[in-house]
Structures are given as structure tokens and as C-alpha cells.
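The chain contents come next:
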Amino acid sequence: FSASATAVDTTQTITFTNNSTSASSYSWNFGDSTTSSATSPNKQYASAGTYTVTLTATNSCGNNTATTSITVCSTVGGSTSSNATVCSGSNSGTITLSGHNGSIVRWEKSTNNWSTTTNISNTTTTQSYSNITSTTQYRAVVKDGSCSQLNSSATTITVNSAPTASFSASATAVDTTQTITFTN
């Protein structure tokens, strides 16, 4: 059999694909006191640890077993501090990551809702910003051991432009009998 992943965190589901031949029944033991008789089951582990998964394929001539090891990490991406609204150009602040489990690999930022990202070489729990001119999202990337990287929640720094006053006049030179129309 094969597993869709052999290193996961507690939020991920593993699909086990049964490649057995000539079997009439199957018995899966997932190493955490749970079992299944499905041909190709899915499994999500609740706790971190290393688990030995055993498949026993059986027919009238006997049975045969296959095993593999699954590592379940307790990686948690964590949460970043609250969103903020700032004025364009002259602004600064700090975003803080909390509630994560694992090491911070880097921070990322995006100005287009994560269609593209810019990596930030920072492995601390705080990320500073200053003088940004467009709305920007920030998040941390966290990894624990051999498990997949996870993203923290994102903080959005919304950037508002300063107002620009502007108007036009229908005329700039008139006598006292004429009316001037001002348009915003």
C-alpha cells in the first residue's frame, strides 16, 4: 500500500491506497488504537507522534501484512496581531505572531491577496513595516520537524491615501453681474 503523505500535522488527512492483490478482505491498524476494514481508507490523527500503520490482506489461502511509519507533527501556524489602517507613505508598526508551534521559517507579504508573495528573511515572532503605500497582507511561515510548513493567519494593513482637494471654476475673471460655478 501507499500513503498520500508520511509526515503530516494533526489538521491533515492521509489517504491510504491499497495495492494488494488476490485479497478478499482487509484490516488496517493505524497504530493509535483505531482500525478500518475499508479497502483504501482515509485517516486523520488527533495527536502528534510516530505511528506504525499495518495492512493485513486476507483470502482463503491465508494473510499477508505490510507496514509503514507515519510521523504526525503538532505544527500550528499561529495567529498574527490585529489588522490596522494607516495613511499612505508615513506609517509604521509591528505585527506579532503568537500561538504557533514550530520554528518560524520566514515571513511573507502580498499586495494582491496572496496571488504572489514576497519572502521576508525574518525568523522572529515580530515583523515591522514602515512607509508602505498600498494595502499589504503579512503572515508567518512555520515548520515543525519533518512536517509540512503552515501559514499563520494573515494581518492586513490597509493603506488610505491622504485627501486631495481640487476644484474648477467656470471663470477666473468676472464682473459683479456674472456668476461663477465651482465644480468639485
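Undergrad: Hey, could you run me through the packing of aromatic side chains in this one?
TA: Aromatic rings considered in pairs are described by the distance between their centres and by the relative angle of their planes. Using the criterion set out here, one finds eight aromatic pairs in the structure. Judged by centre distance (5.6 Å) and plane angle (40°), the rings of Phe16 and Phe30 are tilted. Taken together, the residues span a long stretch of sequence, with Phe16 in strand β3 (residues 14-17) and Phe30 in the loop between β4 (25-29) and β5 (35-36) at a distance of 14 residues. The class of Phe16 is buried, set by a relative accessible area of 0%. Classification of Phe30 by relative accessible area gives buried; the value is 3%. Between the aromatic rings of Trp28 and Phe30, the centroid separation amounts to 6.3 Å while the plane-to-plane angle is 10°, which identifies the pairing as stacked. Assessed through its relative accessible area of 0%, Trp28 is described here as buried. Here the aromatic residues Phe1, Phe16, Trp28 and Phe30 are joined through ring pairs into a cluster of three or more. Stacked on the ring of Tyr45, the Lys or Arg Lys43 has its end atom at 5.0 Å from the ring centre.

Undergrad: What am I meant to see in the environment of Thr124 here?
TA: Structurally, Thr124 is set in the loop between β13 (118-120) and β14 (126-130). Overall, the relative accessible area of 40% leaves Thr124 in the partly exposed class. In this structure, the C-alpha to C-alpha distance between Thr124 and Val105, residues 19 residues apart in sequence, is 8.9 Å. The contact partners of Thr124, leaving out residues within four places of it in the chain, are Ile104 and Trp107. A polar atom in the side chain of Thr124 sits 2.7 Å from the side chain of Asn122. At 2.9 Å, the side chain of Thr124 forms a polar contact with the backbone oxygen of Thr126.

Undergrad: Which parts of the structure should I look at to understand the side chain of Ser36?
TA: Inspection of the secondary structure assignment puts Ser36 in strand β5. From its side chain, Ser36 meets the backbone nitrogen of Ala38 in a polar contact 3.1 Å long. Non-local contacts of Ser36, meaning those with residues more than four positions away in its chain, are made with Tyr26, Ser27, Trp28, Phe30 and Pro41.

Undergrad: Just checking my understanding: could you explain the sheet that holds β4 for this structure?
TA: Two pairing modes exist for strands in a sheet, parallel and antiparallel, and in both the strands are linked by backbone hydrogen bonds. Strand order across the open sheet formed by five strands is β2-β8-β7-β4-β5, with mixed pairing between neighbours. Bordering the open sheet on either side are β2 (7-9) and β5, each of which pairs with just one other strand. One ladder, built from two bridges, connects β4 with β5; its direction is antiparallel. Its bridge partner being in β5, Trp28 is matched across the sheet by Ser36.

Conventions we followed
- Residues numbered from 1 in each chain as written.
- Predicted model: local features only at pLDDT ≥ 70, side-chain atom pairs only at ≥ 80, totals over all residues.
- Heavy atoms only, no water.
- Phe/Tyr/Trp six-rings, centres within 6.5 Å; stacked < 30°, edge-to-face > 60°.
- Helix = DSSP H or I, 4+ residues; strand = E, 2+ residues; numbered from the N terminus.
- Buried < 20%, exposed > 50% of the residue type's maximum accessible area, 1.4 Å probe, protein only.
- Lys NZ or Arg CZ within 6 Å of the ring centre and 35° of its normal.
- Contact = heavy atoms within 4.5 Å.
- Polar contact = N/O pair within 3.5 Å; in protein donor to acceptor, adjacent residues only side chain to side chain.
- Pairing = 2+ DSSP bridges.

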